[in-house]
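# Overview (structure and organization)
The residues making up each chain are set out below.
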Amino acid sequence: MARAHINSVEVRRPDLRRPFPRRFAQRLTGQRVLALTRRAKYLLASLSSGETLLMHLGMSGSFRTERDIQAGRLAKGAIEHSPHDHVVFHMSTGRRVVFNDPRRFGLMDLVRTQTLDQHPAIKALGPEPLSPEFTAAALARACRGKNTSLKAALLDQCVVAGLGNIYASEALHVAGLLPRRRASTLATASGAPREAAFRLTAAIKEILESAIARQLNVEYRDAPFLVYDRQNEPCPRRNCVGTIRRRVQGGRSTFYCPVCQR
DNA sequence: CTGTGTTCCTGTTCGC
DNA sequence: TGCGAACAGGAACACA
């Protein structure tokens, strides 16, 4: 849990995907970070001011921390820095937290912690996939009557929060479901979950848990995916003779096995 | 309202 | 080697 103070903040450009909120640096300066949490793909730092710093990495964003070497006697502007280091938090611990984002699809906003749930980016989010609330029944309900594909439904953050393009393909493969299958086929006419909904819910939980475990283990961090980025390779499922295909769906690459996914 | 396509931006990789 | 095209892990927005 974080307890450091933000001594100062450098904001090196006026915007990322959207403008920084007004008086951004001033509102952060001197604040203590009470907690660092997450909702879907949003990082949340709750501050002693009663505001929460809401951050999103977009596609190319990242944070790093390093020892905060003070400018000292160097002239202002004499320090070289990466053109994509857009925000630097100077912390009371003597370290700095640097936000780097070449494509600038990231996002930072400040919202009152009390009304965080009303924030437009947060309020429409569906259940966390690893929470007990994310069940086959919940998934079926969210997909009931949806004319769109399963792949699109999984990327819809209202249906389930936090799945991205890679793990949508991975989960559909584990569940044995075709990405283009209609989302509505997860539910019966009355909205009850069909077997496919149970399989997909379990597959999502399984794929995310193993992904997290992998990220926690340096040795396996770069292990290959099951189907993502593996077009023309043999299907990894035991006894399946299929070949992984790639197709563009809703403008995003989708990978699947046409033999074992139905 | 629902579903699909476009757009934001820059870096890397691929094919000629 | 150089060059342009295609593509990249996200989500807001415009539009049919």
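Conventions adopted
Residues numbered from 1 in each chain as written. Chains lettered and ligands numbered in written order. Predicted model: local features only at pLDDT ≥ 70, side-chain atom pairs only at ≥ 80, totals over all residues. Heavy atoms only, no water. Helix = DSSP H or I, 4+ residues; strand = E, 2+ residues; numbered from the N terminus. Contact = heavy atoms within 4.5 Å. Areas by Shrake-Rupley, 256 points an atom, 1.4 Å probe, with all protein chains shown as cover. Lys, Arg positive; Asp, Glu negative; His and termini not counted. Charge placed at Lys NZ, Arg CZ, Asp CG, Glu CD. Near = heavy atom within 4 Å. Polar contact = N/O pair within 3.5 Å; in protein donor to acceptor, adjacent residues only side chain to side chain. Pairing = 2+ DSSP bridges. Axes fitted to C-alpha atoms, helices over the stretch in contact; angles between N-to-C directions. Nonpolar A, V, L, I, M, F, W, Y, C, P; charged D, E, K, R; others polar. Salt bridge = Lys/Arg side-chain N within 4 Å of Asp/Glu carboxyl O. Domains from an automatic or database assignment. Core = buried A, V, L, I, M, F, W, Y, C linked by side-chain atoms within 4.5 Å. Buried < 20%, exposed > 50% of the residue type's maximum accessible area, 1.4 Å probe, protein only. Phe/Tyr/Trp six-rings, centres within 6.5 Å; stacked < 30°, edge-to-face > 60°.

Now for the overall build of chain A. Of regular secondary structure, chain A possesses six helices and ten strands. For the C-alpha atoms alone, the extent of chain A along its principal axes is close to 65 × 40 × 30 Å. Of the contacts made within chain A by residues no fewer than 6 positions apart, 63% connect residues no fewer than 24 positions apart. When the accessible surface of chain A is totalled, it reaches about 14,500 Å², and 52% of it is carbon and sulfur. Put simply, chain A has 42 plus and 21 minus side-chain charges, and the middle of one group is 6 Å from the middle of the other.

Around DNA strand B lies a shell formed by His84, Pro102, Arg103, Arg104, Phe105, Lys146, Asn147 and Thr148. For DNA strand B, the fraction of protein-proximal atoms (within 4 Å) that sit in sugar or phosphate groups is 65%. Between a sugar or linking oxygen of DNA strand B and a main-chain N or O atom of Pro102, the distance comes to 3.5 Å. Taking Asn147, its main chain carries an N or O atom lying 2.7 Å from a phosphate oxygen of DNA strand B.

Our focus in this paragraph is the sheet that holds strand β7 (residues 95-100). Read from one edge of the open sheet, four strands run β1-β6-β7-β5, paired in antiparallel fashion. What marks the edges here is a single partner per strand, and that holds for β1 (6-11) and β5 (62-67). Put simply, the sheet's adjacent strands are angled 20° from each other on average, direction ignored.

Close to DNA strand C lie 17 residues; Lys41, His56, Tyr228, Arg252 and Ser253 are nearest. In DNA strand C, the atoms that sit within 4 Å of the protein are 65% sugar and phosphate, with bases accounting for the remainder. Taking Arg103, its side chain carries an N or O atom lying 3.1 Å from a base nitrogen of DNA strand C. For the surface near DNA strand C, the secondary structure elements donating two or more residues are α5 (165-175) and β10 (252-256). Of the residues assigned to the surface near DNA strand C, the class counts are five nonpolar, six polar and six charged.

All right, on to the pairing of β7 then. In regular strands, side chains alternate between the two faces of the sheet. Relative to β7, β5 runs antiparallel, the two sharing six bridges. From the neighbouring strand, Glu66 faces β7, where its bridge partner is Arg96. Two elements, strand β6 (residues 85-91) and β7, share five bridges in a ladder whose sense is antiparallel. Opposite Val88, over in β7, you have Val98 as the bridge partner.

What follows concerns the pattern of salt bridges. As enumerated under the stated definition, the model contains twelve salt bridges in all. In this structure, Glu51 and Arg27 form a salt bridge, with 2.6 Å as the shortest nitrogen-oxygen distance. Taken as a pair, Glu51 in strand β4 (residues 51-56) and Arg27 in helix α1 (residues 24-28) lie far apart in primary sequence, 24 residues in all. Among the ionic pairs, Glu66 bridges to Arg96, the shortest N-O distance being 2.8 Å.

The next point concerns the domain arrangement of chain A. How big an interface is tends to be reported as the loss of accessible area on association of its parts. Along its sequence, chain A is organised into domain 1 (6-123) and domain 2 (136-223). Using only C-alpha atoms to locate each centre, domain 1 and domain 2 end up separated by 31 Å.

Across soluble globular proteins, nonpolar side chains have a tendency to be buried as a group. If you look at the biggest cluster of nonpolar residues, it comprises 26 residues, and the most contacted ones within it are Leu154, Leu177, Leu186, Leu200 and Ile204. The set of elements that each furnish at least two residues to this core consists of α3 (136-143), α4 (150-155), α5 and α6 (195-216). Residue contributions to this core peak at seven residues, all from α6. With 19 residues, the next largest nonpolar core counts Ala4, Phe20, Ala25 and Ala45 among its residues.

Under the definition given, this model contains five aromatic pairs. For the ring pair Tyr167 and Phe225, a centre distance of 6.0 Å and an interplane angle of 80° mean the geometry is edge-to-face. Here Phe225 lies in the loop between α6 and β9 (245-249) and Tyr167 lies in helix α5, a separation of 58 residues in the sequence. When its relative accessible area of 22% is taken as the criterion, Phe225 is described as partly exposed. Counting every residue linked through ring pairs, the aromatic cluster contains Tyr167, Phe225, Tyr228 and Phe255.

Listing the buried residues of α3 in full gives Ala136, Ala138, Leu139, Ala140 and Cys143. If you follow the buried residues of α3, they end up packed against α4 and α6. The positive-phi residue at the C-terminal boundary of α3 is Gly145, with phi of around 75°.

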